[in-house]
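Overview (structure and organization)
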Amino acid sequence: MTSLAVSDHQAETAAPAKVIQPVWVRLVHWINAFAMILMIMSGWQIYNASPLFGFTFSHSITLGGWLGGALLWHFAAMWLLMVNGLIYLALGFATGRFRKKLLPITPGGVIADTKAALTFKLSHDDLSKYNSVQKLLYAGIITVGVVIVLSGLSMWKPVQLHWLVSLFGGYDIARYVHFTCMALIVAFLVIHVALALLVPKSLRAMIIGR
Amino acid sequence: MRRLRKLLIPGVDKKLLVRDAVKTMPELTRRRFITAGTSLGALTLLTGCDVVDSSSAEELLKKVSKFNDAVQAWMFNPDALAPTFPESMITKPFPFNAYYDLDDAPEIAGADWKLEVRGLVENKKSWTLDELYKLPQEKQVTRHICVEGWSAIGSWTGTPLRDFLKLVGADTRAKYVWFQCADKDGYNSPLDMRTALHPQTQMTFKFADQILPRAYGFPMKIRVPTKLGFKNPKYVLSMEVTNDYKGGYWEDQGYNSFSGN
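Residues numbered from 1 in each chain as written. Chains lettered and ligands numbered in written order. Predicted model: local features only at pLDDT ≥ 70, side-chain atom pairs only at ≥ 80, totals over all residues. Heavy atoms only, no water.

A word on the sheet that holds strand β5 (residues 176-181) of chain B. Across a sheet, strands are paired by hydrogen bonds formed along the backbone, either parallel or antiparallel in direction. All names here are of chain B. Overall, mixed pairing links the five strands, which are arranged β2-β1-β10-β5-β6 in an open sheet. Each having just a single partner strand, β2 (127-128) and β6 (188-192) make up the two edges of the open sheet. When β5 meets strand β10 (residues 236-242), the two strands line up antiparallel, connected through six bridges. Residue pairing across strands places Q180 opposite S238, the latter belonging to β10. (Pairing = 2+ DSSP bridges. Helix = DSSP H or I, 4+ residues; strand = E, 2+ residues; numbered from the N terminus.)

What follows is the structure, given as structure tokens:
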């Protein structure tokens, strides 16, 4: 009787679906999404002041109205992005999440999962486990996130952080690096949002945790 | 792509176009634009309603900009020198850049011009160009970085501002050196004292070894390689050593006041 009660009790606590995305992940994810969108939209307005390529971004999708306003937004949202990003990196390493979720990434696994994904045979039954393509993309976008912050810092403080500028090969190259990282993030965002909508339970997990 | 570029703005310099467009707006409109960005921007998109009262968003942005001034002052290392380059890397032609066309650049007669020195200095005498040319000069080949993002390497020769401040007995504990210039609509700009005392901050009389041409700020510009270009005054009329923050042409419109490199 007693033992039965105990096992019942255990069954009850185990019964609620396991947490796929812990609360800290969900929190930093949405703060990051918000900060990133502010950074990208104000960044487009800043780009328009001196375009690197033969196009500018439509005023309707930029933030700040003019260069001065966009810079205010960019240099305000950067704190949110950077502090939030540092918390994410620190907790990602400290909790072992990066190691457990993102490693190992093998070429064979990536090729096999890419094929499976393109033929719609990839399983999404266990959202707590990333497939190889996810691992590669998530590890990649984290790296891009680090590079875009570093290239941004080097453009913001090219004298005080001149060693960082040298690391990128000069001020002008840092601008192209910063732009390229933005383009990669936007490309990631398109795929990421599209897939989240295709597999709605993954979106639910990022909102309520399971 | 080339065709697209032509279609976008045929035969018009995009930088000038953007600048002209902004210039034509009354200041209030420019300020409002920051605000408009709030309601049209991400906040509305994300929430479907204007969650942030636009004036309070603007106030917040201004506060963060002030905070960024403090962060940059803290980051500023008075001994960190801006990288210098060989003369072969000088950008040719070095761009003319202002909020007006070259035709509207001030035309100053060197013989009549005098630099006025005001504020917390012992010697308030005005300086003729000939007197200034006699001061010891140094040359620097550094990168000019515009707030718009582009940059160009130039060669500037003149007297370190800190030597001149010493010469006129300036109170270097004061907070700012405030420059007033001859640009139309009255350009002015405050320079924090630590930057004014930086070894590369220069009262510039020559560009590329030639007397400063009208395009680059004749008769005198202040070259500050540790600041963005808009904080490098040209056509200087006066300098005032002061503890008061007197604002500046661009600073008042919303560019970050410290804007250090």
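This part takes up the confidence of the model for chain A. Per-chain confidence: chain A averages 88 in pLDDT, with 92% of residues scoring 70 or above. Note on residues 1-15 of chain A: pLDDT under 50 across the span, and zero contacts to partners over four residues away in sequence or across chains. (pLDDT = per-residue confidence, 0-100. Contact = heavy atoms within 4.5 Å.)

Take empty space enclosed by the protein next. Tallied over the entire structure, the rule returns two cavities of 30 Å³ or more. Taken as a whole, the largest cavity encloses approximately 880 Å³ of empty space. Broken down by secondary-structure element, the contributors of at least two residues to the lining of the largest cavity are α2 (23-49), α3 (67-94), α6 (132-156) and α8 (171-198) of chain A together with α5 (54-75) of chain B. Considering every element that reaches the lining of the largest cavity, the biggest residue donor is α3(A), with eight residues. Of the residues assigned to the lining of the largest cavity, the class counts are 32 nonpolar, twelve polar and three charged. (1 Å grid on protein atoms, 1.4 Å probe; cavity = no way out; pocket = protein on both sides within 12 Å on 5 of 7 lines; lining within 4 Å. Points joined across faces, edges and corners; volume = space filled by probe spheres on them. Nonpolar A, V, L, I, M, F, W, Y, C, P; charged D, E, K, R; others polar.)

So, on to the packing of α2(A) against α3(A). All names here are of chain A. The contact between α2 and α3 brings their axes to 8 Å, and the two run at 150°. With respect to each other, α2 and α3 are oriented roughly antiparallel. For the element pair α2 and α3, the recorded crossing hand is left-handed. Residue classes in the contact of α2 with α3 are distributed as 21 nonpolar, seven polar and no charged. (Axes fitted to C-alpha atoms, helices over the stretch in contact; angles between N-to-C directions. Parallel < 35°, antiparallel > 145°, perpendicular 65-115°, else oblique. Left-handed = near helix turned anticlockwise from the far one by under 90°.)

Here the focus is the environment of B:Y249. Residue and element names in this part refer to chain B. On the secondary structure map, Y249 appears in the segment after β10. Residue Y249 is classed as buried on the basis of its relative accessible area, which comes to 13%. C-alpha separation for the pair Y249 and F230, spaced 19 residues apart in sequence, amounts to 9.2 Å. Here Y249 is in contact with Y99, D185, G186, Y187 and N188, once residues within four sequence places are set aside. (Buried < 20%, exposed > 50% of the residue type's maximum accessible area, 1.4 Å probe, protein only.)

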